[in-house]
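Structural overview
Read off the chains here:
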Amino acid sequence: MTQDRLYDLGGWGLSEETREEASRYREGVVARVMEEQRGLYRLLTEAGGLSARISGKFRFQSRRPSDYPAVGDWVVVSEASGVGVIHHRLERTSSFVRRAPGRREEAQVVAANIDGVYICMAMSEDFNLRRLERYLAVAWDSGAVPAVILTKKDLCDNPEEMTRRVEQVAPGVEVTALSVMTEEGLEALEAAIEPGRTIAFIGSSGVGKSTLINRLRGSNELRTRDLRKIGKGKHTTTHRQLFRLEGGGMVIDTPGMRELGVEGADFDHSFRDIEALKDKCRFADCSHTTEAGCAIREALDSGDLDWERFENYLKLQREADYARMNSREIEEEKIKRMFGGKEAMKQRQKAIRDKNRR
Ligand SMILES: Nc1nc2c(ncn2[C@@H]2O[C@H](COP(=O)(O)OP(=O)(O)OP(=O)(O)O)[C@@H](O)[C@H]2O)c(=O)[nH]1
Ligand SMILES: [Mg+2]
Ligand SMILES: [Zn+2]
């Protein structure tokens, strides 16, 4: 497949490593996933936009939903009479992954190859610190740098107090309060989205993600919630989509999440205050319940550590453990499929060893 170079994908975040990885495949050219809707992908190649589907081989080799391309991914695509076929998904440098709600709890990639995760939370009805802690734990695990965007500042009577409370549960994270109504904080946000970098906007439904992205793009293309027409709890954005801003930065709009299930979490960053306290407990295996010299208990007693924050930390850790356990089960399932179970595999290994000994 030869191509006219209309787009320099370097400006769309393509690194030398990924370009090199793509060149190892013979089937097609490199492209970025801009949009995905029910198995139909909108891609950008160096020659321009292209609609594509997954090849049969790709589908056959994919075991989990997270194996499939997500918005932001780099893929290898070939084209025949205007329709693209995706042959490979290239290595991800980062990904925001949630545990999808539903019967089969599975990892779902919300956005891939992102540099930043902007966790959006409204300063009005949506404000919830425990949920924010959950988002931060998952966002830190993505490999991208999280930031908190507090939206609808115009609807808030005490924005300074609210910002302060958010900063307390988000150690080491930039917190920005803004309003699309009054335009306050927008310039700083625009400047923060640097050329060639990709930022995913995530958060509950109705916090104003699409409104903000429309404003950054100077466009009205994205549908936003019309408060007069649509009832509460409805999601306005229905699929994920990547845009490049005039300044050269890229943003990904995502549908609001009702719940963010934990698939992986990074506690060292998101709960660094608690992790640091744990190191000060007298006993390395301290359960933080009745032991003497427990730094956690002391901090809870003195009020330095908020009880609700600590309880949320424990809860999220249980969830992360459970998710890890699940992925181990998936591994075992895979072994079973390939070798007919662990016992069968052990016997085969023993047979091979015996044979080699002879
Ligand atoms: N007062 C005020 N309202 C805002 C602001 N930003 C957004 N809104 C309103 O909030 C509502 C929801 O905005 P959306 O942009 O659709 O929210 P969303 O986060 O994209 O929601 P989903 O697509 O469902 O996830 C709309 O009615 C916006 O007009 C703001 O800064 N101030
Ligand atoms: Mg939206
Ligand atoms: Zn302790």
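Preceding block: the structure.
A short tour of the structure in this document, coming up. (Residues numbered from 1 in each chain as written. Chains lettered and ligands numbered in written order. Predicted model: local features only at pLDDT ≥ 70, side-chain atom pairs only at ≥ 80, totals over all residues.)

1. Here we look at the environment of Arg59
- Mapped onto the elements, Arg59 comes out in helix H2 (residues 56-61).
- Expressed as a C-alpha distance, the spacing of Arg59 and Ile86, which sit 27 residues apart in the sequence, is 9.9 Å. (Helix = DSSP H or I, 4+ residues; strand = E, 2+ residues; numbered from the N terminus.)

2. Here's the deal with the nonpolar core
- Ranked by internal contacts, the top residues of the largest apolar core, which has 76 residues, are Leu43, Ile119, Ala200 and Phe201.
- Looking at this core element by element, the count peaks at seven residues for helix H3 (residues 129-141).
- Those residues in contact with Ile119, other than ones at most four positions away along the chain, are Leu132, Tyr135, Leu136, Ala139, Pro146, Val148, Ile149, Ile202 and Gly203. (Core = buried A, V, L, I, M, F, W, Y, C linked by C-beta atoms within 7 Å. Buried ≥ 20, exposed ≤ 12 C-beta atoms within 10 Å, placed from the backbone. Contact = placed C-beta atoms within 7 Å.)

3. Some details on the pairing of strand S2 (residues 40-45)
- Among the six residues of S2, five are classified as buried, and the element is accordingly described as predominantly covered.
- Here strand S1 (residues 29-37) runs beside S2; their pairing, made up of five bridges, is antiparallel. Paired with Gln37 across the bridge in S2 is Leu40.
- The hairpin turn running from S1 into S2, its antiparallel successor, is two residues long, and Arg38 in that turn takes a positive phi close to 45°.
- As consecutive antiparallel partners, S2 and strand S3 (residues 48-54) are separated by two residues. (Pairing = 2+ DSSP bridges.)

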